[in-house]
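# Structural characterization, general
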Amino acid sequence: MQLKTILNRIEKFKSFVYRKVRLVEESGRLTLLVDVAPRANGQAICSKCGRRRPGYDTQWPPRRFEHVPLWGIFVFFIYSMRRVDCPTCGVVVEKVPWADGKESLTRTYRWFLARWAKRLCWKDVAEAFETTWENVFRSVKMAVKWGLEHRDLSGITAIGVDEVQFHRGHHYLTLVYQINDGCKRLLWIGKERTTKTLLKFFRWLGPQRSSVLKFICSDMWQPYLKVIARKAKQALNVLDRYHIAAKMNKSIDKVRAQEAKDLAAKGYEPVLTHSRWCLLKRPENLTSKQDIKLRDLVQFNLRAVRAYLLKEDFQFFWDYKDPFWAKQFLTRWCTKVMRSRLEPMKKMAKNLREHKKLIMNWFKARGVISLGAVEGLNNKEKLIVRKAYGFRTYEAVEIALYHTMGALPEPERSHRFC
Ligand SMILES: [Zn+2]
């Protein structure tokens, strides 16, 4: 069987034919050169207007288009581009079906790289296929652009708003997910986490799609709450459990850090060093060493430990079946914390009191939408941003996030290369 037979089977172009296939050695690497030629009577297509036009001349030398490698052998299509004499566009180079514009990688090869970039980090993809990081990046960018243009935005009724720290310092990104059952994906990314950021999201979504939103999960970040109340009045704004737990942990950490400092200043033994994780983790997730440390700590009547016990106590809130009793519990918990003299925890309780209504919405949404979705997506996104450590630009991070979490569509094709 000839290579041409295989190529005609998996990558056939209507107005072109495969000619000679040569195996050569180029700078120490085996390379397949596949000559491509237009069909005898085929007219070229103008790359500007996309219409069939009479030929003008043929460019020399022929261009090389890198294709999916085969058995560790590089593959190139070799083709002499024609120019057309277009009545509307002038003398213009033709458009070929296997590549876009000046791109030197075939479209198939770019989709191939982009698909691998969902499974491996970009650097690994570049290494595996002996290509450049830049080529992988541009391929993913193309896939994301295509996917965003072709995705279906109907049926979005539940969304989650989340933020992620980006780069060192106080740079944030706002991410909006769709969290409908059966469709959980990243919908939108914006810079910062301001009122303006989320307003931009709603502008993008449009008033019609905003008006059918039923649930919006978010944290207690005021700018978000304000915009949600204004732009999606009919939706139930749910403060989700995951964000509340994260905030609670931050408060405990503040208590602990301050106390460790105070103890050190008074010359006490540093009991609180290496205690951070045993106070922040859920007890069932502690390692045995951390468990012993926690038991040690509980013997001292430390502020950090008291904060920890308050947090653990709060977990019961989520187990209530009846929202009425949950509300009672919340009120009692807040009163207890307000008497605790643990400033960061008091601030937390004040926050919860202020947003009681939105927190209680959690019970209305429970069982209707998957409330754990935001946490799952958040973990995934953090991993990507961390993996994306080498990304210098915002654009690269944005593309990586859409690519891995956007559940973006791909063009249909008869042969799957990977
Ligand atoms: Zn034209």
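The structure reproduced in this document is the subject of the present report. (Residues numbered from 1 in each chain as written. Predicted model: local features only at pLDDT ≥ 70, side-chain atom pairs only at ≥ 80, totals over all residues. Heavy atoms only, no water.)

Here we take up the coordination of the zinc ion. Around the zinc ion, the protein supplies Cys46 (SG), Cys49 (SG), Cys86 (SG) and Cys89 (SG) as donor atoms, at distances of 2.3 Å. Geometry at the zinc ion is tetrahedral, judged from its four donor atoms and the angles of 104 to 117° they form at the metal. The sequence pattern formed by the donor residues of the zinc ion is C-x2-C-x36-C-x2-C. On the basis of relative accessible area, cysteine 86 is assigned to the buried category, the value being 2%. (Donors = N, O, S within 2.8 Å, 3.2 Å for Na, K, Ca; no water. Tetrahedral: all angles 85-135°; square planar, octahedral: opposite > 155°, others 65-115°. Buried < 20%, exposed > 50% of the residue type's maximum accessible area, 1.4 Å probe, protein only.)

Moving on: the packing of helix α5 (residues 195-210) against helix α6 (residues 222-231). Viewed as axis vectors pointing N to C, α5 and α6 meet at an angle of 20°, and their least axial separation amounts to 10 Å. Between α5 and α6, the angle falls in the class roughly parallel. You can see that α5 and α6 cross each other, and the crossing is right-handed. Every residue of α6 that contacts α5 at Thr195, Leu198, Leu199, Phe202 and Ser210 is listed here: Pro223, Tyr224, Lys226, Val227, Ile228, Arg230 and Lys231. For the contact of α5 with α6, the per-class residue count stands at seven nonpolar, two polar and three charged. (Axes fitted to C-alpha atoms, helices over the stretch in contact; angles between N-to-C directions. Helix = DSSP H or I, 4+ residues; strand = E, 2+ residues; numbered from the N terminus. Parallel < 35°, antiparallel > 145°, perpendicular 65-115°, else oblique. Left-handed = near helix turned anticlockwise from the far one by under 90°. Contact = heavy atoms within 4.5 Å. Nonpolar A, V, L, I, M, F, W, Y, C, P; charged D, E, K, R; others polar.)

This paragraph deals with the sheet that holds strand β2 (residues 29-38). With mixed pairing, four strands are arranged side by side in an open sheet as β1-β2-β7-β6. Looking at the sheet topology across the chains shown, the edges are occupied by β1 (16-26) and β6 (63-70). Across this sheet, the average inter-strand angle for adjacent strands is 25°, counted without regard to direction. Bridge count between β2 and strand β7 (residues 73-79): five bridges; the pairing is parallel. When the bridges of β7 are listed, threonine 31 appears paired with phenylalanine 74. Contacting β1, β2, β6 and β7, helix α1 (residues 3-10) runs over the sheet at an angle of about 125° to β1. (Pairing = 2+ DSSP bridges.)

As a further point, take the sheet that holds strand β5 (residues 55-58). On the basis of which strands lie adjacent, the open sheet formed by three strands has the order β5-β8-β9 and antiparallel pairing. Of all the strands in the sheet, just β5 and β9 (90-93) have a single pairing partner and so form its edges. Adjacent strand axes in the sheet meet at a mean angle of 25°, parallel and antiparallel pairs treated alike. When β5 meets strand β8 (residues 82-86), the two strands line up antiparallel, connected through three bridges. The residue bridging threonine 58 from the neighbouring strand is arginine 82, located in β8.

On to the packing of aromatic side chains, then. Enumeration according to the criterion identifies 27 aromatic pairs in this entry. A centroid spacing of 4.9 Å and a plane angle of 75° characterise the contact between phenylalanine 317 and tryptophan 318, whose relative ring orientation is edge-to-face. Here phenylalanine 317 matches tryptophan 318 in class, with each residue buried. Centroid distance phenylalanine 317 to phenylalanine 363: 5.2 Å. Interplanar angle 85°. Geometry classified as edge-to-face. Taken together, the residues span a long stretch of sequence, with phenylalanine 317 in the loop between α10 (303-314) and α11 (323-338) and phenylalanine 363 in helix α13 (residues 356-365) at a distance of 46 residues. Using a relative accessible area of 0% as the deciding quantity, one classes phenylalanine 317 as buried. The class for phenylalanine 363 is buried, based on a relative accessible area of 9%. One aromatic cluster in this structure is built from Phe314, Phe317, Trp318, Tyr320, Phe329, Trp333, Trp362 and Phe363. The ring of phenylalanine 74 carries the charged tip of arginine 29 above its face, separated from the ring centre by 4.3 Å. (Phe/Tyr/Trp six-rings, centres within 6.5 Å; stacked < 30°, edge-to-face > 60°. Lys NZ or Arg CZ within 6 Å of the ring centre and 35° of its normal.)

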